[in-house]
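# Tertiary structure, described
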Amino acid sequence: MENEQQSIKRRKVFMILIYVAIAVVAVAIWIITAVGTTPADEAEISNIGKMDELNISNKLKSLIQASLYETIDLAYGIKDNKKPVADIRRESIKTSTQEDGTIIYSFIVDIDSYELTYLATVYDKDGTDISQAFFNCVEPAQSKYPKNFCIGYNGHSTIDVTIGKGLPISARETKPHRYIYNAKIAYKKKTAYPYIEIFTKACGKSDAKAEIRADFRDWISNLGYDPDLYLIEIPDYCSHADE
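First things first, this report covers the structure right here in the doc. (Residues numbered from 1 in each chain as written. Predicted model: local features only at pLDDT ≥ 70, side-chain atom pairs only at ≥ 80, totals over all residues. Heavy atoms only, no water.)

### Description of helix α2 (residues 58–75)
Between its first and last C-alpha atoms α2 spans 26 Å; for 18 residues at 1.5 Å apiece the expected length is 26 Å, and the two agree. Along α2, the positions that sit buried rather than exposed are L60, I64, Q65, S67, L68, Y69, T71, I72 and A75. Close packing links the buried residues of α2 with β1 (44–45), β2 (85–88), β4 (103–111), β5 (116–124) and β6 (132–137). G77 sits one or two positions beyond α2 and adopts a positive phi of about 85 degrees. (Helix = DSSP H or I, 4+ residues; strand = E, 2+ residues; numbered from the N terminus. Expected span 1.5 Å × (residues − 1). Buried < 20%, exposed > 50% of the residue type's maximum accessible area, 1.4 Å probe, protein only. Contact = heavy atoms within 4.5 Å.)

### Some words on the side chain of S157
By secondary structure assignment, the location of S157 is in the loop between β6 and α3 (158–161). When neighbours within four sequence positions are excluded, S157 is seen to be in contact with C137, F149, C150, I151 and P194.

### Things to note about the sheet that holds strand β9 (residues 194–200)
Picture the strands of a sheet paired through backbone hydrogen bonds; they go either parallel or antiparallel. An order of β7-β8-β9-β10 is seen for the 4 strands of this open sheet, with the pairing classed as mixed. Single-partner strands in this sheet number two, and they are β7 (169–173) and β10 (232–233). Pairing of strand β8 (residues 180–187) with β9, which is carried by 7 bridges, proceeds in the antiparallel orientation. Counterpart to Y187 in the pairing with β9 is P194. (Pairing = 2+ DSSP bridges.)

### A few points about the nonpolar core
Core analysis: the largest hydrophobic core is formed by 28 residues, its most contacted members being L54, I64, L68, I88, F107, I111 and Y118. Of all the secondary-structure elements, those providing two or more residues to this core are α2, β2, β4, β5 and β6. A per-element tally of this core places α2 first, with 5 residues. If we skip the residues at most four places from it in the chain, F107 touches L54, I64, I88, S92, I93, Y118, L119, A120 and V122. With 23 residues, the next largest nonpolar core counts F149, A208, W219 and L229 among its residues. (Core = buried A, V, L, I, M, F, W, Y, C linked by side-chain atoms within 4.5 Å.)

### Thoughts on unusual backbone geometry
The amide bond that connects L167 to the next residue, P168, takes the cis arrangement and shows omega of 0 degrees. Locating P168 in the fold gives a position in the loop between α3 and β7. The omega torsion across K175 and P176 is 10 degrees, close enough to zero to call that bond cis. Turning to its location among the elements, P176 is positioned in the loop between β7 and β8. The backbone of N154 shows a phi angle near 55 degrees, a positive value even though the residue is not glycine.

The following block contains the structure:
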């Protein structure tokens, strides 16, 4: 009888140890999963932890990924909750240090799921809450997706890194009909989407619009860029007396 009681006691102890072991394993798996999972409001930069050149804290890494997520979300909207996943070009990494000790990192990232390429500029102010990260567009020649129009931080776009230095245009004249027009960067209402807006007093006729559009596209081509990249709009705001 005594042996049977000891046997039952040993079985209880054994079962308790098994339950404890299972609980420990479950907690360990949860911790590993939680640490390895990117938060929902952050993009994932898949190889950021493998870059020895980027000696950054987890806090700064989180800030960088959150800034990338926000940039894409404001410019394009996150599609069907599809998390952006970026990859850093190792050869593009550069670092410098300012007099106040702020470390500046810059590197190019490709986001295949959104067909985008950005130049990241990160200001690491000694791990403080005022560290910042910005994602801007690159020239088409640097982009993995040169045929795609890029929108980055605060409306920065392909326009800024290509034809932007030549804008606005004032009183440009077409040939052969000598239509006069102005061109500038504008933004779609309540969005960060930039486009080229052209104003002319000779816009009453469709052939006038066509000639102006063709002239502006030639101007873009002469700068060495593909005019098909840009959205060009010519509003119907004109004086027929000046056609």
